[in-house]
Amino acid sequence: VICHNVHRAYDNEDGCQLSYLDTACSPGAEPQETIVLDRTNLEGINALTGRNLYAVTGLTIDEEFDVEEGEPVNNVLHMDSALTIEGCNSWSRGSSTKDRNTEKFWCDRLGTQHLPSSIIFSPPRAQLSIVHKLRMYTSNTSPYSDPASFILEGRAKPDAEWEVIGSGDFDLPLDRNARGLPIESTYGSGDVNHTYTEVSLSNNTKVYWDYKLTIPSTRDPTKQNLQFAEVELPGLLLPYFPISHSCSAGTHSSRWKKEVDAETCPNTANLGEGTYKLFSDLISDKRDIYNPTIRTVTRQFRECDSIDMYKLDLGMVQASDGTCWKHVHDLEHAIFDLAGADLANYNLTGSVAQVSNAFVDGILNDPAHPIIGSLDDHSAIDSSSNSPLDQQDVQDAFMTLEFNPSREAVLICGSPGEVATNPLASDHSFDITVPQKDGTRTMSIWELSAQRHTVWAHMAMHADDQLRQRQSWALSQIIAVGLPGSGMVFYEANEPYPAFYDQYVRNGFGSYRKLLKDMSFNLIMSEWLTFLSNKSLQSNINNGLYSPPDENYAREIMQLFSIGLYKLNMDGSQVLDENGEPIETYTIDDIMSYASAWTGFEKHDTRGGASASDRHSEGSVDPLYIDPETRDQFPKSNLDGGFIGDQVVLCNDLPDKAFLRKGAVYKLLGSDPTPMMLSRDEALDDPDRPQMELLPSSPLFTRLCSQDSNGVCTFPANVVLEDNLIYDEVAKLGREYKVDTLRTVKMKAGMSHAIHYEYIRQPCVEHSFYSNGKKVTQGEVNKDAVQDNVMCADPTLPVATLMCLRPGSEQSTDGAVYCNYMGERMTYDSAIETCAANGLELGEPWLFRKPPFESGPCVAKGSFQDFRSWTNSTCQVKAKVSFDAGKVAIVHSPPPDHGGMTNVEPSVSEATLNFFQAPWKNGKFPSRNDCLSIASCYVHDDESCICAAEVAVNEVFASSVEISSVAHLKTALHIGAANPLSFDDGYFTDLGSCGIEGLTVYSTAGDCTSFNRDTVFSFVWKSKPFFLKNIKSEVYVSGSDLVFRNPVQFNSLVQTEARDMYHETEEVIDSLFYHPSHPPFLAMRLAQRFGLSNASPSLIERVATAYESGTYEANGFKFGSDEYGDLGALIAAILLDPESREVVLDTDQAHGQAKAPLDKVISMFRSMGLKFESPLAMPTLIDTFDSIGQGSFETPSVFNFYLVEYGNPGAIQDAGLMSPETSLYQSYRLLFLLDAMSTTVKFGINDCPRVPRFEGWRVSSPFGCSTIEGNTDFSPAHFTYWPSSVASVQDILEDLSLLLTSGRITASNKALIASLVQPIFDTGDVPKAIRAAQQYILTTPEAHTTGISRNSENERQITGYESKPRGSYKALVFLNFAGGVDSYNLLVPKGQCGSGDDGYAAYAAARGYEHAVPLDGLTSILASDQVCKEFGVHSS
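Residues numbered from 1 in each chain as written. Predicted model: local features only at pLDDT ≥ 70, side-chain atom pairs only at ≥ 80, totals over all residues. Heavy atoms only, no water.

**Here's the deal with the overall build of the protein chain**
Logical step 1: When helices and strands are tallied, the protein chain shows 29 helices and 62 strands.
Logical step 2: Across the 1436 residues that make up the protein chain, the buried fraction comes to 53%.
Logical step 3: For the protein chain, the share of sequence-separated contacts (at least 6 apart) that also reach a separation of at least 24 residues comes to 74%.
Logical step 4: Summing over all exposed atoms, the protein chain offers an accessible surface of approximately 62600 Å²; the carbon and sulfur share of this is 50%. (Helix = DSSP H or I, 4+ residues; strand = E, 2+ residues; numbered from the N terminus. Buried < 20%, exposed > 50% of the residue type's maximum accessible area, 1.4 Å probe, protein only. Contact = heavy atoms within 4.5 Å. Areas by Shrake-Rupley, 256 points an atom, 1.4 Å probe, with all protein chains shown as cover.)

**Describing the pairing of strand β11 (residues 149-155)**
Residues in a regular strand project their side chains so that they alternate between the two faces of the sheet.
Logical step 1: Counted residue by residue, β11 has six buried out of seven residues, so it is predominantly covered.
Logical step 2: Summarising the sheet, β11 and strand β12 (residues 163-169) pair through six bridges and their orientation is antiparallel. For I151, the partnering residue across the bridge sits in β12 and is S167.
Logical step 3: Where β11 meets strand β14 (residues 210-215), five bridges bridge the pair, whose relative direction is antiparallel. By the bridge assignment for β14, E153 is matched with K212. (Pairing = 2+ DSSP bridges.)

**A closer look at unusual backbone geometry**
In most cases, non-glycine residues show a negative phi, while peptide bonds are predominantly trans.
Logical step 1: Residues other than glycine seldom take positive phi values, yet R93 does so here, at roughly 50 degrees.
Logical step 2: Residue R93 is classed as partly exposed on the basis of its relative accessible area of 33%.
Logical step 3: Positive phi values are uncommon outside glycine, yet N1115 reaches one of about 55 degrees.
Logical step 4: Tracing the chain through its elements places N1115 in the loop between β54 (1112-1114) and β55 (1117-1119).

**Some points on the packing of helix α11 (residues 552-559) against helix α12 (residues 588-597)**
Logical step 1: The contact between α11 and α12 brings their axes to 7 Å, and the two run at 115 degrees. The orientation of α11 with respect to α12, classified from their angle, is roughly perpendicular. Handedness of the α11/α12 crossing: right-handed. On the side of α11, the interface is formed by A554, R555 and M558, while α12 contributes I591, Y594 and A595.
Logical step 2: Looking at side-chain class alone, the contact of α11 with α12 contains five nonpolar, no polar and one charged residues. (Axes fitted to C-alpha atoms, helices over the stretch in contact; angles between N-to-C directions. Parallel < 35°, antiparallel > 145°, perpendicular 65-115°, else oblique. Left-handed = near helix turned anticlockwise from the far one by under 90°. Nonpolar A, V, L, I, M, F, W, Y, C, P; charged D, E, K, R; others polar.)

**Topic: the environment of P239**
Logical step 1: One can find P239 in the loop between β17 (235-237) and β18 (252-258).
Logical step 2: Relative accessible area serves as the criterion here: at 33%, P239 is assigned to the partly exposed category.
Logical step 3: Along the sequence, P239 and Q127 sit 112 residues apart, while their C-alpha atoms lie 7.0 Å from each other.

**Points about the confidence of the model for the protein chain**
Logical step 1: Summary statistics for the protein chain give a mean pLDDT of 84 and a share of 84% for residues scoring 70 or more.
Logical step 2: Within the protein chain, the element-level pLDDT minimum falls on strand β27 (residues 399-402), averaging 56, and the maximum on strand β53 (residues 1048-1049), averaging 98.
Logical step 3: Confidence over residues 485-489 falls short of pLDDT 50; this stretch has seven contacts with residues more than four positions distant or in other chains. (pLDDT = per-residue confidence, 0-100.)

**A look at empty space enclosed by the protein**
By rolling a water-sized probe across the atoms, one finds the places where empty space is left.
Logical step 1: Enumeration over the complete set of coordinates arrives at 14 cavities of 30 Å³ or more.
Logical step 2: Put simply, the largest cavity is a space of about 310 Å³.
Logical step 3: Taken together, 22 residues form the lining of the largest cavity, with M592, S593, S596, F915 and F916 sitting closest to its centre.
Logical step 4: Of the residues forming the lining of the largest cavity, the biggest block, four residues, is contributed by α12.
Logical step 5: Residue composition of the lining of the largest cavity, by class: ten nonpolar, six polar and six charged. (1 Å grid on protein atoms, 1.4 Å probe; cavity = no way out; pocket = protein on both sides within 12 Å on 5 of 7 lines; lining within 4 Å. Points joined across faces, edges and corners; volume = space filled by probe spheres on them.)

**Things to note about the environment of Q917**
Logical step 1: Secondary-structure assignment places Q917 in the loop between β44 (888-893) and α15 (928-933).
Logical step 2: Taking the relative accessible area as the measure of exposure, Q917 reaches 24% and is therefore partly exposed.
Logical step 3: Distance from Q917 to D590, taken between C-alpha atoms, is 8.7 Å for residues 327 residues apart in sequence.
Logical step 4: Non-local contacts of Q917, meaning those with residues more than four positions away in its chain, are made with D589, D590, S637, F643 and K887.
Logical step 5: Polar contacts involving the side chain of Q917 include one to the side chain of D590, which spans 3.5 Å.
Logical step 6: A distance of 2.8 Å separates a polar atom in the side chain of Q917 from a polar atom in the side chain of S637. (Polar contact = N/O pair within 3.5 Å; in protein donor to acceptor, adjacent residues only side chain to side chain.)

**Considerations on the sheet that holds strand β16 (residues 230-232)**
Logical step 1: Taken together, three strands build an open sheet; the order of strands is β13-β10-β16 and the sheet is antiparallel. The open sheet is flanked by β13 (196-200) and β16, the only strands paired with a single partner. Between one strand and the next, the sheet's axes are offset by a mean angle of 15 degrees, whatever the strand orientation.
Logical step 2: Alignment of strand β10 (residues 133-137) against β16, held across three bridges, turns out to be antiparallel. Counterpart to R135 in the pairing with β16 is E232.

**So, the sheet that holds strand β5 (residues 82-86)**
Logical step 1: Across the sheet, five strands lie side by side as β5-β8-β14-β11-β12; this open sheet has antiparallel pairing. In the strand order of this sheet, the two ends are held by β5 and β12, each with one partner. Recorded for the sheet is a direction-independent mean angle of 15 degrees between the axes of neighbouring strands.

**A few points about the nonpolar core**
Logical step 1: Y512, F561 and Y666 are the most contacted members of the largest nonpolar core, which has 215 residues in total.
Logical step 2: Among the nonpolar cores identified, the runner-up in size contains 27 residues, and L77, L152, F170 and V231 belong to it. (Core = buried A, V, L, I, M, F, W, Y, C linked by side-chain atoms within 4.5 Å.)

**Here's the deal with α12**
Three- or four-residue spacings in an α-helix give side chains the same orientation, since the helix completes a turn every 3.6 residues.
Logical step 1: Taken across its ten residues, α12 has ten buried, putting it largely inside the fold.
Logical step 2: Every buried residue belonging to α12 is among I588, D589, D590, I591, M592, S593, Y594, A595, S596 and A597, and all of these are buried.
Logical step 3: Tucked inside the fold, the buried residues of α12 contact α11, β29 (601-602), α17 (1058-1073) and α29 (1399-1407).

**With respect to the packing of helix α19 (residues 1097-1109) against helix α20 (residues 1127-1136)**
Logical step 1: Orientation of α19 relative to α20, taken along the N-to-C sense of each, is 160 degrees, at an axis distance of 7 Å. Taken together, the axes of α19 and α20 are roughly antiparallel relative to one another. The two elements α19 and α20 meet at a crossing, and its hand is right-handed. Contacts between α19 and α20 involve V1103, A1106 and Y1107 from the former and L1127, A1129, L1130, A1133 and I1134 from the latter.

**Concerning the packing of aromatic side chains**
For any pair of aromatic rings, geometry is given as the distance between the ring centres together with the angle between the planes.
Logical step 1: Overall, the coordinates contain 40 aromatic pairs when judged by the stated rule.
Logical step 2: Among the aromatic residues, those joined into a cluster by ring pairs are F521, F531, Y553, F561, W598, F601 and Y1062.
Logical step 3: We note K133 situated over the ring of Y187; from NZ or CZ to the ring centre the distance is 5.2 Å.
Logical step 4: Its guanidinium or amino end placed over the ring of F1090, R470 lies 5.1 Å from that ring's centre, counting from NZ or CZ. (Phe/Tyr/Trp six-rings, centres within 6.5 Å; stacked < 30°, edge-to-face > 60°. Lys NZ or Arg CZ within 6 Å of the ring centre and 35° of its normal.)

**So, α11**
Logical step 1: By the criterion of burial, α11 is predominantly enclosed, with eight of the eight residues buried.
Logical step 2: Taken together, the buried positions of α11 are occupied by N552, Y553, A554, R555, E556, I557, M558 and Q559.
Logical step 3: Summarising the contacts, the buried residues of α11 are in contact with α8 (512-520), α9 (523-528), α12, α17 and α18 (1078-1089).

**A short note on a nonpolar patch on the surface**
Logical step 1: A surface patch of nonpolar side chains, amounting to about 260 Å² of accessible area, comprises L1312, L1316 and Y1336.
Logical step 2: On the secondary structure map, L1316 appears in helix α27 (residues 1307-1322).
Logical step 3: Its relative accessible area of 38% is what places L1316 among the partly exposed residues. (Patch = residues over 30% accessible without salt bridge, like charges linked within 9 Å, V, L, I, M, F, W, Y side chains within 5 Å. Salt bridge = Lys/Arg side-chain N within 4 Å of Asp/Glu carboxyl O.)

**Overview of the environment of A967**
Logical step 1: With respect to the secondary-structure elements, A967 resides in helix α16 (residues 966-972).
Logical step 2: Exposure remark for A967: the relative accessible area of 33% places this residue in the partly exposed category.

**A short note on the pairing of β13**
Logical step 1: Of the two faces of β13, only one is covered, namely that formed by T197 and V199; the face formed by Y196, E198 and S200 stays uncovered.
Logical step 2: Sheet analysis places β10 next to β13, joined by five bridges and oriented antiparallel. Within the sheet, the bridge partner assigned to M136 lies in β13 and is T197.

And the structure:
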């Protein structure tokens, strides 16, 4: 099913395009079932049905004829032929010349007797003829007026030259014919009852359209009259053929074919200007989405130019969109069913038949050869039982959903990685959960869920890109998503999980950052790690619930997916503190901070047009979107003691009109002006309200239009300005040059429908604390003068609009809202200027309740709730500090309104609970005593301190001599800057490196010895460009020396936009991706998955270095993109490193790994040539986790199948080594694996329940069980392996050893196996000997590890325990929660701990009092010999 409304997301927007479908599959749309009749589908339908559907081509627009099919007639002149009479002063009864009776024609030739007279006979329709004779019947008057000579001419087209057919003298009889008598003649003879003469033209074989009879003289040249009764032209009348004379009188249709490769579109038929414009308009208006290559148009009322009246071929015409169209035969590209037609009459090329006009004429209207449609039609399903399109199997394979065409341009996008269906690609088909038309499924739920395993197994064994598949399997064990249960929404569908797994495949050799981002926006991941619909603390409070955000994903993306628990050196060793203890990468506070970043993620609505399909009903294959209403808006601490958004440019430092400068981004919306990344303003597309419409003269219009070579706008889906746009004085008249920022822009000039783009401001941050704040309000000001939803706003940012009041009349209702476009936001200074320009002023309104339609067009039909408005009142931003940990919250403190109220938004009121970590200088923050003693502070009811704040901004470096390196600079500066190249030329001066390697310095004044606050430092760090500003911003508690670094935040508290939340999420991912521990963490994880459970520190460092540099070179080959975080470079570094390839290292007992169970199965299947029998063809390998410990899509927890730090108890663990895979080597799983391998060797894959086997095949299997070893006739799959040589047992073992153990089998094991196989081989039963050798080798240690085994030469002692333990013992009960667990609230200290400390107080301080389990909510557990005497668990 193809649907066109897949949501635009971060990873598919470049592939979006405009569609002219009615609603483009929007929810609730009713699609029409169609089949696209393109070349591929025609071949498929023919293969499926046995029909012969072919599109005909090669037809000519000239009328063809077959002389043998001509009909002999007494007169080829049609009775309705048009007449053109020349050489007569006057004439009468012209129609009598061809009316089939003896009524006379009369021509007055007075004074012109010396000139010839002529009559042109033109048929009423396109029909050709061949003249063989000329007959003339005498009139009833004097014989002296009879014609005495003639010239007969013909022409093949109305616009062709006349050709002489015959000429000579007439010898008409003197006998006269009475008037008005019928003439009954035949081809062979005239009417013998009348007088006539006949001239033979038997030599004529040419075909003509119309005829001209000229009479040069009469019997008596002195007579002034010419008279005769009738003209007959006996001959062959050829069959009428359906060619439209598109310009002749009446309603006519014509067919036009798009010239795809036409570089120019010449007027090849020399059409008149009016005719050319006529057909250009008809073709342009026939925008037929149902056929992109053929357009059939009808001319009804408009007339062609007279010179084109009889033209058959109208040549080529250019449509308004620049495309070129060629006039073709009315049946060109028509699809006929040619079953039974003579193959000798046409030539086939794929699904197209090269034919002649005569061939088509012969089958036209023949029921045996119906016309199905036209090539490339999107044809509606035909209800005719004879149509191949009505067959169920055809519809199942080729049906799609289409919508009616419209003028609206809708943005359509594909799902990540989506490709078109090719039902003929193989003989394998997969059902989805869409019911059949009778409401039943074709497969059981079990089979549907099993198919994802089938796909995985098939790719693992047969895909051409085996290393990529292996890498994907390894990545899936690092970023692990677990087994779907019956309670999960995707259990019954087979598409979501393979689509999820495809993310590993697509990113396998690309950037790990892209993989992290894909996973973070994936619905399955959000369900698995419980951050779907995760809401911010404030959102929950607004709904009456105190509940911090879920921490699950925040914890696991750090611990398991990116950086691990402890900081690492590049060689993988742990970073230690001064006491020799490992340093944690994150704390519980960090988890809480990052948890707030994983809020607001929601799944998309059901795709329209596919609502009947369960596979899309949950948006399961589309990325999540962020809901601004539930996203946390406040600053978030990072892992470096700073903030998410550090070193990102401040929004108020962006250059003026940044939306017209280098780096500005615009995203296509289509005809719907509703923004996707910005908040929606009501009545946005109301024509009565101002809109930001770009003029064609606008440089921005030119860039967004992006014309092709024909001058037609292409409207790219994603536009990034590569340079600053240059606006001359004329362009500056455009409205966009008069505003502080843009939201959406409209483009319509010269187009029948408007196209909209939305401006995506580059990522930037705001300081949470600022000076000179101004109050903004939202909504009406009622009679009580109370203002609603009051906040502070930074006056330098364009975040609010204005309400202008009449000067000196604040209590008046007079005033208006002005804007350049609906939804405009402006800075405070712009608001002042706008009001002044309109004779008004910005103020503090007492009353503002005028109806919106009276307050100006910017609020007409809207509401004052749609926007926030500036006032001229100051507003102070204060700091609220928690006593326990020094966390900070933001408090907005505006002055009271005229009603004496301060209705501050709850999120920034004094009661706010939105605390975040803040880096206090020297770790010192206000204590309770400080709060009571500092004049600007006071204690709030919730035991926190609210203080007035002062912001200080200072430069950091005075000159280059203070900077030791780029690393030093990066550590010291926290505030980003805009790219200096986005400013006007000359604004910045490039000072070069100032002696610091890798640095570029830009300054507005001075040189390397005198930096100022505007100095910008530019460098690249780990492939990421940085622009840092030479300032620091600090917040002081007024009246004290207490100071903390001014936080930054992406999200504006005044106007929340999804745009900024996506930018914040990008920075959150970057904080993990660029963390120093990330490269060695990932190097260690992937080295384990690729054969090195205990890789050396030196290898880890080499691999991490390759990953960090993005490149690895070996043997003259280079791998990677030279970009930080390149997985291709990383995996090349692992596999090509000498430590991975030196054979001598196999003898090192710490080298290599124990093979994972599923890896062993796939390796055996592939190396032994497992062949699958049709129609089942493919294995599912379902439910193998229970039997062997691993299975595709069966990960038991987020920790994968095993813990990476696991070391098998005994020698491995004692040596401090790791062997993660051995945690799956339980005896029952090992025995099952060996038995199943043996069964497959002997019987192939089978469905017999009585033996261990690899199961999970589609039901209704035609296969059964076999009890005879080697008989695989009843098996859906079996091994096809045969050794390269069977001359001896040694040859067989050498071959099998190479394939199953990489040649590592020891000599002693090989000798033992040879002694067991040789007796069987000696019987002559070689296949049985091979099977025995396979089974024996599969039991060796070398088949299950990548090292060489060492034989202790001692028999293993089997010991049993039958007596009671000798003494007391302690039993450890292990409680395993699948997924994450909030361990800080699982078991907490309650009573005296250590040397008398209050354990609960220490716990609450670490946890945060707002998050700790209340003391009265704990059930006590008394303990002895523990660190605390009393513990507590939650009372529930």
